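Survey of secondary and tertiary structure
The primary structure of each chain is shown beneath.
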Amino acid sequence: MASRAKVTVIGAGNVGATTAQRIAEAGLADVVLVDIVEGLPQGKGLDLAEAAPVVGHDAQVIGTNDYADTAGSDVVVVTSGLARQPGMSRDDLLMKNAGIVRSVVEAAARVSPEAILIVVTNPLDAMCHVAHRASGFPRERVLGMAGVLDSARFRTFIAQELGVSVEDVHAFVLGGHGDTMVPLSRYSTVAGVPITELLPAARVRALEERTANGGAEVVALLKTGSAFYAPAASTFEMVDAILRDRKRVLPCAVLLQGEFGVHDLFVGVPIVLGRGGLERVFEIELTSDERTAFEKSAAAVEELVQKLPA
Ligand code: NAI
Ligand code: 2OP
C-alpha cells in the first residue's frame, strides 16, 4: 500500500499552523511543521496530533527546528517571515524576508530535492524569485500562493452582492499580489454568466477595488496581524491540486517565460496545477485595458525584484 505524501510547512505561525491543520485533517498528507522558535512547532504539532482521534484522521503531524526531519517532502510550503513592524519600511521588510526565505529554502531544498515549493511569504512575487534562486529548482516546481486567495475574496464579494452561493461564482485575479493586482471581471462569472452582464459597471468597479484592498481590510480589523484562514484554505487548495494530480486551473504566481508577454518574472496567471506542479500556463486573451493593467502590475513586481540582492 502506498504511504501518505509528506508536506513540510515552514513557519508555524498563523498561516503555517492553519495550513498544517487543513492538510492533516483532510488526511491528505503527513505534515512536518518547522519554525525557528524552539518549542513552537513542537507544541503546535503535538496539539494538532492530539486532535486527530477526535477529528478522525491518521495523518502524522510533528513539529521541529531541524530540517533533517523534513527530508523527502513532496511539497514544501514557505510561510516563514516577519510582518512589517512600526518604523520598518517596505524595503526593510523585503530585505529581511528575502534573507529568511533564502535560508529556509536552501535548507529545505537540500534534503527534499524533488519537492514542489509553494511560497506564501510576502512580498509574494519577489519572494518567489528568492525561492527559485535559492532552490535551483525548475520553474515548474516553484509556485506562489496569492491568486487563489485574491480570487476567493473576489468570489466572496460577488456572491454577497448578488445573494448567490459562492460555489456558483468563479473569478480570476491576475498580476502581482499587491495594490496593482488585476481582478478580471470579464472572466468572473455566476453560473457561467460574466458579472459585467449582471451588475452595473460602478458596482463591478467597487468589488474590484475591495478585492485589491482585501488584505488591508482584514489587517485594519485585526490590528495585530494579517489574514490567515482564507490564505491557509487557498494554500491547501494548491497542495491538494498537486498531491491528487487534479489539473486544477488556478491563478498562481509562476516564472513567466514569454507567456502573457512577460519574461523572467514571477507574476500571477492561470495555470494547470497537477503532480508536476506548473504543468501549463493557461493563456487567455486580454483586452487592451486588461493588458495595460497586467503590465503595470508586472512592472510593480519588477521594481521590487530589482531591489533584491543578486
Ligand atoms: P506569523 O508571524 O504568524 O508567522 C510567521 C512565522 O515565521 C513565525 O512563527 C516565525 O517564528 C516564523 N519564522 C520567522 N523566521 C523564520 C525562520 N528563519 N525559519 C523558520 N521560521 C521562521 O505570520 P503569518 O500570519 O503566518 O504570515 C506569514 C507570511 O505569509 C507573512 O509574510 C505574510 O505577509 C504572508 N502572507 C501571504 C499571503 C499571500 O497571499 N501570499 C496571505 C497571508 C499572509
Ligand atoms: C493578505 O492578502 C497579508 O498578503 C496578505 O491577506
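Quick look at the structure, then. (Residues numbered from 1 in each chain as written. Chains lettered and ligands numbered in written order. Predicted model: local features only at pLDDT ≥ 70, side-chain atom pairs only at ≥ 80, totals over all residues. Heavy atoms only, no water.)

**Points about the site of ligand 1**
Contacts to ligand 1 come from 24 residues, most closely from Val 15, Asp 35, Val 120, Asn 122 and Met 145. Within the backbone of Val 15, an N or O atom sits 2.8 Å from an oxygen atom of ligand 1. Here an oxygen atom of ligand 1 sits 2.7 Å away from a polar atom, N or O, in the side chain of Asp 35. Here ligand 1 loses 84% of its free accessible area of 870 Å² to cover by the protein chains. Put simply, the parts of the chain that give the shell around ligand 1 at least two residues each are helix H1 (14-25) and helix H3 (90-111). Grouping the constituent residues of the shell around ligand 1 by class yields 14 nonpolar, nine polar and one charged. (Near = heavy atom within 4 Å. Polar contact = N/O pair within 3.5 Å; in protein donor to acceptor, adjacent residues only side chain to side chain. Areas by Shrake-Rupley, 256 points an atom, 1.4 Å probe, with all protein chains shown as cover. Helix = DSSP H or I, 4+ residues; strand = E, 2+ residues; numbered from the N terminus. Nonpolar A, V, L, I, M, F, W, Y, C, P; charged D, E, K, R; others polar.)

**As for the sheet that holds strand S7 (residues 169-170)**
Read from one edge of the open sheet, three strands run S7-S10-S11, paired in antiparallel fashion. On the outer flanks of this sheet lie S7 and strand S11 (193-194), each paired with one strand and no other. (Pairing = 2+ DSSP bridges.)

**Points about the site of ligand 2**
Around ligand 2 lies a shell formed by Asn 122, Leu 149, Arg 153, His 177, Gly 215, Ser 226 and Ala 227. One nitrogen or oxygen atom from the side chain of Asn 122 is found 2.8 Å from an oxygen atom belonging to ligand 2. A distance of 2.8 Å separates an oxygen atom of ligand 2 from a polar side-chain atom of Arg 153. In the complex, 82% of the free accessible area of ligand 2, which totals 220 Å², lies under the protein chains. Taken together, the residues of the shell around ligand 2 break down into two nonpolar, four polar and one charged.

**Remarks on unusual backbone geometry**
Excluding glycine, most residues fall at negative phi; most peptide bonds, likewise, are trans. The omega angle of the peptide bond from Asn 122 to Pro 123 is -5 degrees, so this bond is cis rather than trans. Along the chain, the position of Pro 123 falls in the loop between strand S5 (116-119) and helix H4 (124-135).

**Comments concerning the packing of aromatic side chains**
The relative placement of two aromatic rings is captured by the distance of their centres and the angle of their planes. Going through the model one piece at a time under the given rule, you end up with two aromatic pairs. With centroids separated by 4.5 Å and ring planes inclined at 35 degrees, the aromatic side chains of Phe 228 and Tyr 229 adopt a geometry described as tilted. Judged by its relative accessible area of 60%, Tyr 229 falls in the exposed class. For the pair Phe 260 and Phe 294, a centre-to-centre distance of 5.5 Å together with 40 degrees between the ring planes defines the contact as tilted. With Phe 260 in the loop between strand S12 (248-257) and strand S13 (263-274) and Phe 294 in helix H9 (residues 288-307), this pair connects stretches of sequence that are 34 residues apart. Exposure remark for Phe 260: the relative accessible area of 2% places this residue in the buried category. According to the relative accessible area criterion, Phe 294 is buried, its value standing at 1%. When the ring centre of Phe 137 is taken as origin, the NZ or CZ atom of Arg 141, which lies over that ring, is 4.3 Å away. (Phe/Tyr/Trp six-rings, centres within 6.5 Å; stacked < 30°, edge-to-face > 60°. Buried < 20%, exposed > 50% of the residue type's maximum accessible area, 1.4 Å probe, protein only. Lys NZ or Arg CZ within 6 Å of the ring centre and 35° of its normal.)

**Comments concerning the pattern of salt bridges**
Opposite charge on two side chains permits them to pair, given that their charged atoms come into close proximity. Tallying each qualifying case throughout the model produces 15 salt bridges. A salt bridge links Glu 208 to Arg 205; the nearest nitrogen and oxygen atoms lie 2.5 Å apart. Of the two residues, Glu 208 and Arg 205 are both situated in helix H6 (residues 201-212); the distance of three residues between them amounts to about one turn of the helix. For Arg 205, a relative accessible area of 45% gives the class partly exposed. Among the ionic pairs, Asp 245 bridges to Lys 247, the shortest N-O distance being 3.0 Å. Using a relative accessible area of 41% as the deciding quantity, one classes Lys 247 as partly exposed. Counted as one network, the salt bridges with shared partners bring together Arg 205, Glu 208 and Glu 209. (Salt bridge = Lys/Arg side-chain N within 4 Å of Asp/Glu carboxyl O.)

Just geometry here; none of it tells us what the structure is for.
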